[in-house]
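Chain residues, written in single-letter form:
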Amino acid sequence: MSTDHFIAHRNLLFTVSYEMLGSAADAEDVLQEVWLRWADRLRQEDASEVRDPRAYLVRMATRLSLNRLRTLSRRREDYVGPWLPEPLLTSPDVALDVELADSVSTAMLLVLETLPPTERAVFVLREVFDVPYDEIAEAVEKSEPAVRQIASRARAHVAERRPRAAVSRAECDAVIERFRAATESGDLQGLMDVLAPDIVLMTDGGGKVQAALNPIRGRDKVLRFLTAVTPDAIELQPVWLNGSPAIQFVIGGRRDGVGTMLVEDGVVTRLYLVRNPDKLGSVSEPVDLVRL
């Protein structure tokens, strides 16, 4: 019975943890700890004593994620170069749930990264999963009035920073395909046409592979950087990452990195390249698609 409850809510627990941590590996560690504590709890008492298994498991995952997030925040202060979320290989079906796809996008995860841990937890639980305030209060160990204030503050913070333009899936697909084709063929004019004048490029190498140590701003600078680092023999494969179309870079038959983009008004306004090998573990074969 304990296994049935955990399996039934596993995808929810993973998504909550991932949105709080921005790391699939850390989210999986949280789930492992949730399972161990859940099984231990049910060994000590009858499962019927747990009135609402879903709420209990979400509360446990939230508290464990908060503890880990505080530790990760200290580590990220020493991170070499820009930090980007760990990309997830997802199915195109995730994009059909617009709110979910938006909440796990690279752009949104970077916005959530600017929130303090408790505000991030409250925002994710309330705005993404519509968890009742009283349950959130238990999860973050605050009073319900305090949680309502935190939610309001977090909502305003995110609203100021989140992408505002809604782009259809077809438009996003078309823009990313134009970027892929122009990059792979070396069409500089085509690449320039698909990049916004004020585009921002962030590259995450984690100090383990070559990457820009600071964000690169402006189309001319981004274009010069891409031209300088892109080898002649490169293959750009379309993939689905974090609920959106994206690109996988293959050099000499080996995956070298992945790129996700923010598309607004028919051009790429943000380009996120992840090359840190520690973050490419969740971008493997289709059998490892993450179920959000």
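Residues numbered from 1 in each chain as written. Predicted model: local features only at pLDDT ≥ 70, side-chain atom pairs only at ≥ 80, totals over all residues. Heavy atoms only, no water.

The chain is annotated in an unreviewed UniProt entry as RNA polymerase sigma-70 factor of Nocardioides oleivorans. Word for word, the UniProt comment on the chain under Subunit (unreviewed entry) is "Interacts transiently with the RNA polymerase catalytic core formed by RpoA, RpoB, RpoC and RpoZ (2 alpha, 1 beta, 1 beta' and 1 omega subunit) to form the RNA polymerase holoenzyme that can initiate transcription." Per UniProt, the comment on the chain under Sequence similarities (unreviewed entry) is "Belongs to the sigma-70 factor family. ECF subfamily." (UniProt positions renumbered as here; feature names shortened; annotations may be inferred.)

**Focus on the overall build of the chain**
Scanning the chain for helices and strands turns up 11 helices and 6 strands. Over its C-alpha atoms the chain spans a radius of gyration of 20 Å, differing by no more than 12% from the 19 Å that the globule rule assigns to 292 residues. The dimensions of the chain, computed from C-alpha atoms along their principal axes, are 65 × 40 × 40 Å. If you take every contact in the chain between residues at least 6 apart in sequence, the share linking residues at least 24 apart comes to 67%. For the chain, the accessible area works out to roughly 14200 Å², and carbon and sulfur atoms hold 48% of it. With 36 positive and 45 negative side-chain charges, the chain shows a spacing of 5 Å between the two charge centroids. (Helix = DSSP H or I, 4+ residues; strand = E, 2+ residues; numbered from the N terminus. Rg over C-alpha atoms; globule rule 2.2 N^0.38 Å. Contact = heavy atoms within 4.5 Å. Areas by Shrake-Rupley, 256 points an atom, 1.4 Å probe, with all protein chains shown as cover. Lys, Arg positive; Asp, Glu negative; His and termini not counted. Charge placed at Lys NZ, Arg CZ, Asp CG, Glu CD.)

**Observations concerning the environment of Leu-12**
Looking at the secondary structure, you find Leu-12 in helix H1 (residues 2-21). In this structure Leu-12 comes out as buried when scored by relative accessible area, which is 19%. (Buried < 20%, exposed > 50% of the residue type's maximum accessible area, 1.4 Å probe, protein only.)

**A word on the packing of aromatic side chains**
Scanning the model with the defined rule gives 3 aromatic pairs in all. Centre to centre, the rings of Phe-14 and Tyr-18 are 6.1 Å apart; their planes meet at 5°, and the pair counts as stacked. Of this pair, Phe-14 and Tyr-18 both sit in helix H1, 4 residues apart, roughly one helical turn. Look at Tyr-18 and you get buried, because its relative accessible area is 0%. Taking the centre distance of 5.6 Å and the plane angle of 50° together, the rings of Trp-38 and Tyr-56 count as tilted. Remark: Tyr-56 occurs in helix H3 (residues 53-76) and Trp-38 occurs in helix H2 (residues 24-44); sequence separation between them is 18 residues. Judged by relative accessible area, Trp-38 falls into the buried class, the value being 0%. (Phe/Tyr/Trp six-rings, centres within 6.5 Å; stacked < 30°, edge-to-face > 60°.)

**A few points about the UniProt feature "domain: RNA polymerase sigma factor 70 region 4 type" (unreviewed entry) in the chain**
Feature annotation in UniProt places "domain: RNA polymerase sigma factor 70 region 4 type" (unreviewed entry) on residues 108-157, given in this structure's numbering. Secondary structure within residues 108-157 divides into 78% helix and 0% strand; the distance between the first and last C-alpha atoms comes to 12 Å.

**A word on the nonpolar core**
The biggest cluster of nonpolar side chains holds 52 residues, and the ones touching the most others in it are Leu-13, Tyr-18, Val-34, Trp-38 and Leu-112. Contributing elements (two or more residues each) for this core: H1, H2, H3, helix H4 (98-103), helix H5 (106-112), helix H6 (117-128), helix H7 (133-140) and helix H8 (144-161). Contacts of Tyr-18, omitting those with residues within four sequence positions, involve Ser-23, Ala-24, Ala-27, Pro-85, Glu-86, Pro-87, Leu-88, Val-104, Leu-109 and Asn-242. Judged by nonpolar contacts, the second largest core, of 24 residues, contains Phe-179, Leu-191, Val-194 and Ala-212. (Core = buried A, V, L, I, M, F, W, Y, C linked by side-chain atoms within 4.5 Å.)

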